Amino acid sequence: MTQGWSDTSYLWKQVPLREGRVPAAGERDVAVLGEAAAAAFGKKLGDDIQILGENFKVIGIANYTAIINRGIALLALPDLQKISARPNQVTIIHVNVERGGSPGGPHADEARD
């Protein structure tokens, strides 16, 4: 499974790296592999991996606990859109909701008065 995240996605900050790093903003043609993906393809930091016919440099190995994420390849969203011929398109949107405050927003109590 391959996922592409925008440069500013909060998800990059949550990658449990075993080694290496995540892409810097604007960095392209690099990948972070889950441990199982790296092992299956015999890849380590600095190696190249081909995804959908394009070469990417492995800059990170993630140590996810969920089995599905252990086999993942993470790319910058523009790279995945380019190699999959889906410019400006997405399949899934992740939403991060902050908890706190009252339901309905800061003025919800006023609506009840």
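See the structure printed just above.
Since this is a predicted model, take the numbers as computed values, not measurements.

Turning to the overall build of the protein, a few remarks are in order. Each helix and strand in the protein was counted, giving four helices and six strands. Of the regular secondary structure in the protein, the N- to C-terminal order runs β-β-β-α-β-β-α-β-α-α. A sequence separation of at least 24 residues applies to 66% of the contacts in the protein between residues at least 6 apart. Element-wise, carbon and sulfur atoms account for 52% of the exposed surface of the protein, whose accessible area totals about 7400 Å².

Another aspect to go through is a nonpolar patch on the surface. On the surface, Val90, Ile93, Val95 and Val97 cluster together into a nonpolar patch covering about 430 Å² of accessible area. In this structure, Ile93 sits in the loop between α3 (77-83) and α4 (108-112).

Now for the environment of Ser84. Relative to the helices and strands, Ser84 is located in the loop between α3 and α4. Separated by 31 residues in sequence, Ser84 and Gly53 place their C-alpha atoms 9.8 Å apart. A distance of 2.6 Å separates a polar atom in the side chain of Ser84 from the backbone oxygen of Leu80.

Phi is positive for Leu52, close to 50 degrees, though the residue is something other than glycine. In this fold, Leu52 is placed in the loop between β4 (48-51) and β5 (54-62). Taking relative accessible area as the criterion, Leu52 reaches 58% and is therefore assigned exposed. Residues other than glycine seldom take positive phi values, yet Ala85 does so here, at roughly 55 degrees. Looking at the element boundaries, Ala85 is found in the loop between α3 and α4.

Turning next to the environment of Trp12. Note on placement: Trp12 falls in the loop between β1 (2-5) and β2 (17-20). Using a relative accessible area of 8% as the deciding quantity, one classes Trp12 as buried. On a C-alpha basis, the gap between Trp12 and Pro23 in space is 8.3 Å, while along the polypeptide they are eleven residues apart. Every residue in contact with Trp12, bar those within four places of it in the chain, is listed here: Trp5, Ser6, Asp7, Val22, Pro23, Val32, Leu74, Leu75 and Ala76.

What follows covers the packing of aromatic side chains. When we look at a pair of aromatic rings, we describe it by the centre distance and by the angle of the planes. Taken as a whole and assessed by the stated rule, the structure comprises one aromatic pair. Both rings, one in Trp5 and one in Trp12, keep their centres 4.8 Å apart while their planes meet at 70 degrees; by these two values the pair is edge-to-face. What makes Trp5 buried here is its relative accessible area of 8%.

Definitions and limits used
- Residues numbered from 1 in each chain as written.
- Predicted model: local features only at pLDDT ≥ 70, side-chain atom pairs only at ≥ 80, totals over all residues.
- Heavy atoms only, no water.
- Helix = DSSP H or I, 4+ residues; strand = E, 2+ residues; numbered from the N terminus.
- Contact = heavy atoms within 4.5 Å.
- Areas by Shrake-Rupley, 256 points an atom, 1.4 Å probe, with all protein chains shown as cover.
- Patch = residues over 30% accessible without salt bridge, like charges linked within 9 Å, V, L, I, M, F, W, Y side chains within 5 Å.
- Salt bridge = Lys/Arg side-chain N within 4 Å of Asp/Glu carboxyl O.
- Polar contact = N/O pair within 3.5 Å; in protein donor to acceptor, adjacent residues only side chain to side chain.
- Buried < 20%, exposed > 50% of the residue type's maximum accessible area, 1.4 Å probe, protein only.
- Phe/Tyr/Trp six-rings, centres within 6.5 Å; stacked < 30°, edge-to-face > 60°.

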